[in-house]
Amino acid sequence: MSSSTAAALTRQWTTWGPVVAALVLGLAWGRELPGFAVAIVVVCLFAAVLSAVHHAEVIAHRIGEPFGSLVLAVAVTVIEVGLIVMLMIGGGDKATSYARDTVFAAVMITCNGIVGLSLLVGALRNRIAVFNAEGSGGELAIVCTLATMTLVLPTFTTTHPGPEFSAGQLAFAAVASLLLYVVFVGVQTIRHRDYFLPVPRPDRGIPESEDEHAAPPTTRDAWFSLGLLVVALVAVVGNAKLVSPTIEDAVASAGLPKAVVGVVIALMVLLPETLAAVRAASRDRMQTSMNLAYGSAIASIGLTIPAIALASIWLEGPLILGLGPLHMVLLVLTAVVSALTVVPGRATLLQGGVHLAIFAAFVFLSFSP
């Protein structure tokens, strides 16, 4: 199959995928779905996810890095926020910790799963994966600060009983998170943009892929992709809401902790980021992979917490954000190992393997705490 034929086929299914997923959402919304209907919804959900990746990459190709990574990170966070709010609205008391579980899972998936997989792919191709320590280190510092401020401090504050913020503390954490995210975006896209660009590797003599030297899409194509990206995101949020009762019932029937629901949600919404990051690593663009991973973690906290804080005004029940001792240990381990990985600006298979081991421990302990 020629590259032009493959591109045409990709364009066709990524155009119709979001539309079909949106139509299925409209037909199934508010109905009790039998098993075969849930299967159809799941297929449409993943088609919408993959379409969202494609259209985000089209937009990224038009506007360049690091804006492209930022677009996909924000898009994924919109999905995450929508899913969390919808689940909290319909979940009652059992949904009080969905925000915490999903945000923490997003941090572990991005900082260990996506980073580890990207380092593994990059090191397998070039023996050593190279990235900007300045940019990646700054991103990691923001992730650690936001995670500690929103997920660790609520366990130790005393104004409100339990692992919760008081109304004033939640407002402060939400505003601080949002402002820190805005500062990060300004530094990444304007003031120190060069820190977040892929490191040139002329010594490797690696040829550029077709995507890298192809002419950027027209403005019309970019706007078209933006429209389909919005449709795909709406379809993902809505269809995930449709299958969430099935996920919750399966988790309850298996006798698993309810935190597993948050892990499943985070895995679903971060699939686009994972695919894009691994693809970038395979093309020797490790900094793009790091931007996608850490940028998603920053957006997951910096945008989700303010949105959830705002939604808590009309949501009933407590909002549990504080982590327990087990997850705090995993968070500290992730922060220490990530710092040791990022500081040199170079990594091998060893670092990738360590991050994947931490990620595997997180997944296993989520199912068997």
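First, a word on scope: everything that follows refers to the structure included in this document. Residue positions are counted from 1 within each chain, in the order its sequence is given. Where totals are concerned, whole chains, interfaces and linings use all residues; where local detail is concerned, this predicted model gives features only for residues with pLDDT of at least 70, and gives and counts side-chain atom pairs only at 80 or more. Side-chain numbers come from the whole structure's heavy atoms, not from hydrogens or water.

Some words on empty space enclosed by the protein
Method remark: on a 1 Å grid restricted to protein atoms, a set of points is classed as a cavity if a 1.4 Å probe fits but cannot get out and as a pocket if it is open with protein on both sides within 12 Å along at least five of seven lines; lining residues have an atom within 4 Å of a point. Grid points are joined across faces, edges and corners, and a volume is the space filled by probe spheres set on the points. Under the counting rule described, the total for this entry stands at five cavities of 30 Å³ or more. Taken as a whole, the second largest cavity holds about 50 Å³ of empty space. Around the second largest cavity, the lining residues are Val 107, Cys 111, Leu 140, Val 143, Cys 144, Ala 147, Leu 331, Thr 334 and Ala 335. Here a strand is any run of E in DSSP of at least two residues, a helix any run of H or I of at least four, and the numbering for each starts at the N terminus. Those elements that place two or more of their residues in the lining of the second largest cavity are helix H4 (98-126), helix H5 (133-156) and helix H13 (325-342). In terms of residue count, the dominant contributor to the lining of the second largest cavity is H5 (four residues). Gly falls in the polar group here, along with every residue not listed as nonpolar (Ala, Val, Leu, Ile, Met, Phe, Trp, Tyr, Cys, Pro) or charged (Asp, Glu, Lys, Arg). Of the residues belonging to the lining of the second largest cavity, the class tally is eight nonpolar, one polar and no charged.

Description of the side chain of Thr 102
Tracing the chain through its elements places Thr 102 in helix H4. By definition, residues are in contact when any of their heavy atoms lie within 4.5 Å. Sequence-distant contacts of Thr 102, that is, excluding residues within four places in its chain, are made with Glu 80, Ile 84, Gly 262, Ile 265 and Ala 266.

Here we look at the packing of helix H2 (residues 35-63) against helix H8 (residues 219-253)
To describe two helices that pack against each other, one gives the angle between their axes and the distance between the axes. Note on geometry: axes are lines fitted to C-alpha atoms, helical ones only across the stretch in contact, with angles between N-to-C directions running from 0 to 180 degrees. Close contact between H2 and H8 brings their axes to 7 Å; oriented N to C, the two are set at 150 degrees. One element, H2, and the other, H8, form an angle in the roughly antiparallel class. Like other packed secondary-structure pairs, H2 and H8 cross with a definite hand, here left-handed. In what follows, roughly perpendicular refers to angles from 65 to 115 degrees, roughly parallel to angles under 35, roughly antiparallel to angles over 145, and oblique to any angle outside these ranges. Two helices that cross are described as forming a left-handed crossing if the nearer one is turned anticlockwise from the farther one by less than a right angle, and a right-handed crossing if clockwise.

Describing the packing of H4 against helix H9 (residues 259-269)
Between H4 and H9, the shortest axis-to-axis distance is 8 Å and the interhelical angle comes to 50 degrees. Put simply, H4 runs oblique to H9. The crossing of H4 and H9 is right-handed. Listed contacts from H9 to Tyr 98, Asp 101, Thr 102, Ala 105, Ala 106 and Ile 109 of H4 are Ala 259, Val 261, Gly 262, Val 263, Ile 265, Ala 266 and Leu 267. Class assignment of the residues belonging to the contact of H4 with H9 gives a composition of ten nonpolar, two polar and one charged.

Points about H8
The terminal C-alpha atoms of H8, which comprises 35 residues, lie 50 Å apart, in line with the 51 Å expected from a rise of 1.5 Å per residue. Largest kink in H8: about 40 degrees, centred on Val 243, with the proline Pro 245 one to four residues after it. Two residues or fewer after H8 comes Gly 255, characterised by a positive phi angle close to 70 degrees. A helix is expected to span 1.5 Å for every residue after the first. What we call the bend at a residue is the angle made by axes fitted to the seven residues finishing there and the seven residues starting there.

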